[in-house]
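An overview of the molecular structure
Listed below are the residues making up each chain.
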Amino acid sequence: MKKKHFIFLIVFFIFLGTASSHIFSQEWQALPPYNVLWPLWSPVLSPPDPVTGLPTPLLTSLTGDTVLPVEPALVWDPSLPFYYLLYNDISLGEPALKYFDATWGIFNYYDPFFSWPPEYLTTIYDTGTDFLTVPNPIVLPDSYQTLFTFDPLQWINFWVPLVNTEYQYYYGLNPNLLPASSIIPSNYIFNGVFSPIII
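Bear in mind the structure is a predicted one, so any value in this text is a computation, not a measurement.

Another point: the overall build of the protein chain. When its secondary structure is counted, the protein chain shows 3 helices and 8 strands. Listing every helix and strand of the protein chain by position from the N terminus yields α-β-β-β-β-β-β-β-β-α-α. Looking at the protein chain as a whole, 38% of its 199 residues are labelled buried. For the protein chain, contacts bridging at least 24 residues in sequence account for 55% of all contacts bridging at least 6.

What follows is the structure in structure tokens.
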């Protein structure tokens, strides 16, 4: 093998290693209009693009009338110590999105599911007029793409079976609900770096 071919191969492998670590270092993508974070580390929620191989969110935005292609989906406001689990609600005949809030849902015996989005993401108080119903995007911390403040595996394994059961109790049987093992495959090993939230 010629010397210049050998050097080219070394440079190529260095580039490949650097590129792959850069590609897989991004764990979240912000979805408009509220900037909630969508998980790029979940193959079922962000399957690889067939051309680039990069994880690609199933959605490009997330509003109250979004129809989820798979459910539950999950999104995260990084100021909170839990995810929102999202479900389609077709009980009224029109597409609507419901979410489960792990803080309030467990105390709401009438219906633990709420209409997406949470109120704090839709209202901004204007002292000159009154409450305005406009998108209020989350101010994301620096390096939110790689942010983790807890291991998603434990949270998802605990909550998804419980919330799926509750959802079917309130809205009817749904054989297409994803189990926790589909959101995070069984061979998943958490290797994220826990980060403080600095805004």
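As a further point, take the nonpolar core. Leu62, Leu85, Leu86, Trp116, Trp155 and Ile156 are the most contacted members of the largest nonpolar core, which totals 48 residues. Every element with two or more residues in this core is listed here: strand E1 (28-31), strand E2 (36-39), strand E3 (73-75), strand E4 (84-88), strand E5 (97-101), helix H2 (152-171) and helix H3 (180-183). Once residues within four sequence positions are removed from consideration, Trp155 is found in contact with Pro81, Phe82, Tyr83, Leu85, Ala102 and Phe150.

Maximal helix bending in H2 amounts to about 30°, located at Trp159; proline Pro161 follows within four positions. Burial in H2 covers these residues: Pro152, Trp155, Ile156, Trp159, Val160, Val163, Asn164 and Tyr167. The inward-facing, buried residues of H2 contact E3, E4, E5, strand E6 (113-115) and H3. The N-capping residue of H2, defined by a side-chain oxygen 2.9 Å from the backbone nitrogen of Leu153, is Asp151. Two residues or fewer past H2, Gly172 is found with a positive phi of approximately 100°.

Okay, the side chain of Ser46 next. Along the polypeptide, Ser46 turns up in the loop between E2 and E3. Within the structure, Ser46 has its side chain in polar contact with the side chain of Trp38 (distance 3.2 Å). Among all residues touching Ser46, those that are not within four sequence positions of it are Trp38, Pro39, Leu40, Pro55, Thr56 and Pro57.

What follows deals with the side chain of Asn88. Structurally, the position occupied by Asn88 is in strand E4. For Asn88, the contacting residues outside a window of four places in its chain are Thr66, Val67, Leu68, Glu71, Ala96, Leu97 and Tyr167.

Before going further, it helps to spend a moment on the packing of aromatic side chains. Throughout the structure, instances matching the rule amount to 25 aromatic pairs. With a centroid separation of 5.9 Å and 85° between ring planes, the pair formed by Trp76 and Phe150 is classed as edge-to-face. Residue Trp76 is located in the loop between E3 and E4, and its partner Phe150 is located in the loop between strand E8 (131-133) and H2; the two are separated by 74 residues in the primary sequence. Residue Trp76 is classed as buried on the basis of its relative accessible area of 1%.

Turning to the environment of Ser182, a few remarks are in order. Structurally, Ser182 can be placed in helix H3. Here Ser182 falls in the partly exposed class, since its relative accessible area comes to 29%. Along the primary structure Ser182 and Pro43 are separated by 139 residues, whereas in three dimensions their C-alpha atoms are 8.4 Å apart.

Moving on to the sheet that holds E6. Sheet strands line up and pair through hydrogen bonds in the backbone, either parallel or antiparallel. If you walk across this open sheet you meet the 4 strands as E3-E4-E5-E6, and the pairing is antiparallel. Sheet topology places E3 and E6 at the edges, where each strand pairs with a single neighbour. Recorded for the sheet is a direction-independent mean angle of 40° between the axes of neighbouring strands. Of the strand pairs in this sheet, E5 and E6 are connected by 3 bridges, and their pairing is antiparallel. Bridging from a neighbouring strand, Phe100 pairs with Phe113 of E6. Contacts from H2 reach E3, E4, E5 and E6, with the element oriented near 35° to E4.

Right, let's talk about the pairing of E4 for a bit. Counting buried positions along E4 yields 5 of 5 residues, so the element is predominantly enclosed. In E4, alternate side chains face the same way, and those of Tyr84, Leu86 and Asn88 on one face and Leu85 and Tyr87 on the other are all buried. Pairing between E3 and E4: 3 bridges, direction antiparallel. Along E4, the bridge assignment pairs Ala73 with Leu86. As defined by bridge partners, E4 adjoins E5 across 5 bridges and the pair is classed as antiparallel. The residue of E5 that forms the bridge with Leu86 is Tyr99.

How each quantity is defined
- Residues numbered from 1 in each chain as written.
- Predicted model: local features only at pLDDT ≥ 70, side-chain atom pairs only at ≥ 80, totals over all residues.
- Heavy atoms only, no water.
- Helix = DSSP H or I, 4+ residues; strand = E, 2+ residues; numbered from the N terminus.
- Buried < 20%, exposed > 50% of the residue type's maximum accessible area, 1.4 Å probe, protein only.
- Contact = heavy atoms within 4.5 Å.
- Core = buried A, V, L, I, M, F, W, Y, C linked by side-chain atoms within 4.5 Å.
- Bend = angle between axes of the 7 residues up to and from the residue.
- Polar contact = N/O pair within 3.5 Å; in protein donor to acceptor, adjacent residues only side chain to side chain.
- Phe/Tyr/Trp six-rings, centres within 6.5 Å; stacked < 30°, edge-to-face > 60°.
- Pairing = 2+ DSSP bridges.
- Axes fitted to C-alpha atoms, helices over the stretch in contact; angles between N-to-C directions.

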